[in-house]
Amino acid sequence: MKINFKLFAMLQDYLPAEGRRDNALQVELVEGTTIQQVIERFGLPQKSCHLVLVNGSFIPPADRAALVLKDGETLSIWPPIAGG
Amino acid sequence: MAWTRNVLRVDLTNGTCKSEPLNMEWAQQYLGQRGLATKYFVSEVDPKVDPLSPANKMIMTTGPLTGTPVSTGGRYSVVTKGALTGAIACSNSGGYFGAELKFAGWDMIIFEGKSLKPVYLSIVNDQAELKDAAHLWGKSTWHTEETIKKEHQDPLTRVCSIGRAGENGVMYACIINDLHRAAGRSGVGTVMGSKNLKAVAVRGTNGVSTIRDPKAFMAATVAAKKVLADNAVTGQGLPTYGTQVLMNVINEMGALPTRNHRDVQFEEARKISAEAMAEKRPSDGKSHLVTNNACFGCTIACGRISKIDETHFSVVNKPEYWGASGGLEYEAAWALGAANGVGDLEALQYANLLCNEEGFDPISFGATVGAAMELYELGILTKEQIGMEAPFGSAKAVCEMAEMTARGEGFGKELGQGSARLCEKYGRPDLSMTVKKQEFPAYDSRAIQGMGLTYATSNRGACHLRSYTVASEVLGIPFKTDPLVTEGKAGLVKAFQDATSVFDSAGVCVFTTFAWSLADLQPQLDAACEGNWTMEKLAEVGERIYNMERLFNNAAGFTAKDDDLPPRLKTEAAKTGPAKGLVSGIDKMRPEYYQLRGWDEQGVPSKETLGRLGL
């Protein structure tokens, strides 16, 4: 299955070059892959994975190891940021 | 004590400047800046006053921590009855002007009356005089600042001024200081223009020598700065990416108002985001973003300084715009961009530069363009009326409309009235995305429910800076709440409103609250100011200020009916994203909020509430 994987702000450096221009990459995953496994696959620092959204909805840290991604979903991750 | 204890009262009608002692009894009840100046204002001005009449007053005010070594201690505010809203207005700005005013020895300047001819106020420490501004009238804020500095032969003179927008009666005109910092919302610059007051120039060499306990104060400020530096948001996120980093977050969440709130996601959001600002352009190989920037005493440095693409159609023959200058910040990028369906970063920066140069609020301007574009697409406004084709997505139209509004030409005069008056005139008041005639900022209240209540109950009209529940609902600061539910939002909004009232009254930037709570501000205030500033006292001051503003608005004629959102947000569900199918739950949240506030069903504070707060 494939998901749309997006990394923003300082985390965009963890994307391969072809994904940096759009902050997004199509990622091939085996069935049953969790959010945490994707985070580990790309070597993202845990403390930098502050805002984790699946299809725009926030996933609390406690759920990330168990939540299995589905085909076509969008996983987006930001470090601690703010604005106003 | 941190206050200078000096108030400058400027009678523009008679051309006099007089010093008077600060009311220290009020300072203990309202702290400073937003709270204390509003206390002066509501005590001296009839709530029914026409905002543009000489009877309206305007107060430029610092806080007790302004000009001190506290982080972000460069803030000042402008308090008046807003031209755009007819409600209490308090617009807060950074830069260096506020600290300089304090260094000159003044807590606030109260402007009253109206000058017969254009003037500017010159302050050098305790010497204040009104000077002729005939040669500055009709000029931009940039020209005004440069000219005054040259005339004073002092580049360290700090200047705030209005541009042509304030002179021409654009209802959302700003007061600009230090080239690109703004007391931006509610039309405080319009009020300044109505008084024939072009600028205030100030030079202060006294510093702030009134700290109650300097040793304790320095210890408290050092500790608080460490909190900011160690926090990932204020120590890394904001300085690196600025506020603009929110563009993709809010879009992914389906909370980015797009095309006059028809949609909640913008397909070109990434093209106008912080990430895009940092990329090299194909045209010249340079990035839009040049550097970050800090206001006086700030250890966060969130500001953006950018250089526009010299080959872009908007500036191709205009070298005066090619230098590094302020922007884009998130709110401006959203209002000029997503709100109109425009994904051209350079066009947004050009319009933003015009807003700074001529002094008008990019949020209200951009949102008004969005309303005009919807009226155009519905066939209610024509190409002939507007003077151009103006469909959603037209970068050219945004740029030309900014020029027309800045100059007060053609359809720009109508855009300068704001979306409420524009949509009312053309028979579609429902298309104005406003509360109390002030345009929404960049968060859709169908997808971030707390922000709907924030907008509806903001005392200065729709505004995100009166209770930024985005911090909790989106960013998890200080704790994460679900943005899609209404439960708990009344208490959240009240807590944010009261705490923000304190920060706005202290002389510091509200962005510190991404890392600081009141518990971090309290020891700094208590060390600086006499009066035993406990947490309990600060909490009460915040609530007192919010209720005082409310009482003014009620007396001005506002009622519970004005604490509402446009019908679109209550009846047209979000089409995409996590909030798909949702409308705002404002009607559910408002009664609970009134109850928590101690207000009756009409939004009037009860006698018990007023008695408890000493109002």
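Being a predicted model, the structure only gives us computed values, none of them experimental.

The rules behind these values
Residues numbered from 1 in each chain as written. Chains lettered and ligands numbered in written order. Predicted model: local features only at pLDDT ≥ 70, side-chain atom pairs only at ≥ 80, totals over all residues. Contact = placed C-beta atoms within 7 Å. Nonpolar A, V, L, I, M, F, W, Y, C, P; charged D, E, K, R; others polar. Domains from an automatic or database assignment. Helix = DSSP H or I, 4+ residues; strand = E, 2+ residues; numbered from the N terminus. Buried ≥ 20, exposed ≤ 12 C-beta atoms within 10 Å, placed from the backbone. Pairing = 2+ DSSP bridges. Expected span 1.5 Å × (residues − 1). Axes fitted to C-alpha atoms, helices over the stretch in contact; angles between N-to-C directions.

Caption draft 1: View of the interface of chain A and chain B. Taken together, the contact between chain A and chain B spans 20 residues of the former and 29 residues of the latter. When the residues that make up the side of chain A that touches chain B are grouped by side-chain class, the tally is 11 nonpolar, 8 polar and 1 charged.

Caption draft 2: A look at the domain arrangement of chain B. Residues and elements named next belong to chain B. By domain assignment, chain B separates into domain 1 (6-203), domain 2 (240-439) and domain 3 (449-613). Contacts between the two partners involve 37 residues from domain 1 and, on the opposite side, 28 residues from domain 3. For the side of domain 1 that touches domain 3, the secondary structure elements donating two or more residues are α1 (24-30), α2 (33-44) and β5 (88-93). With 7 residues, α2 is the largest single contributor of residues to the side of domain 1 that touches domain 3. Of the residues contributing to the side of domain 1 that touches domain 3, the split by class is 12 nonpolar, 20 polar and 5 charged.

Caption draft 3: Representation of the pairing of strand β4 (residues 76-81) of chain B in the model. All names here are of chain B. Along β4, 6 of the 6 residues are buried, which leaves the element largely enclosed by surrounding structure. Of the two faces of β4, both are covered, the one formed by Tyr-76, Val-78 and Thr-80 as well as the one formed by Ser-77, Val-79 and Lys-81. Where strand β3 (residues 58-62) lies against β4, 5 bridges are found, and the strand directions are antiparallel. Bridging from a neighbouring strand, Met-58 pairs with Thr-80 of β4.

Caption draft 4: Layout of helix α12 (residues 345-358) of chain B. Residues and elements named next belong to chain B. Between the first and last C-alpha of α12 there are 20 Å, a value that for 14 residues agrees with the 20 Å anticipated at 1.5 Å per step. With 14 of 14 residues buried, α12 lies mostly within the body of the structure. Downstream of α12 by one or two residues, Gly-359 has phi in the positive range, about 75 degrees.

Caption draft 5: Focus on the environment of B:Leu197. All names here are of chain B. Its place among the elements puts Leu-197 in strand β12 (residues 197-203). Judged by the 25 C-beta atoms lying within 10 Å of it, Leu-197 falls in the buried class. Along the backbone, Leu-197 and Gly-166 are 31 residues apart, and their C-alpha atoms lie at a distance of 9.7 Å. With residues near it in sequence (within four places) discarded, Leu-197 still touches Leu-12, Phe-111, Ser-115, Val-119, Tyr-120 and Met-192.

Caption draft 6: Representation of the sheet that holds strand β4 (residues 57-58) of chain A in the model. Residue and element names in this part refer to chain A. Ordered in space as β2-β1-β5-β3-β4, the 5 strands form an open sheet in which the pairing is mixed. Here the strands that pair on one side only, and so sit at the sheet edges, are β2 (24-28) and β4. For strand β1 (residues 2-7) and β2, the ladder comprises 5 bridges, and the chain directions are antiparallel. Bridge pairing in β2 links Lys-2 to Glu-28.

Caption draft 7: Quick look at the sheet that holds strand β6 (residues 108-112) of chain B. Residue and element names in this part refer to chain B. Read across the sheet, 6 strands follow the order β2-β1-β6-β3-β4-β5 without closing on themselves; strand pairing throughout is mixed. Two strands in the sheet have a free side with no partner beyond their single neighbour: β2 (16-21) and β5. Looking at each pair of strands side by side, their axes are set apart by 20 degrees on average, direction ignored. Across 6 bridges, strand β1 (residues 6-11) lies against β2 in antiparallel orientation. Bridged to Val-7 within β2 is Glu-20.

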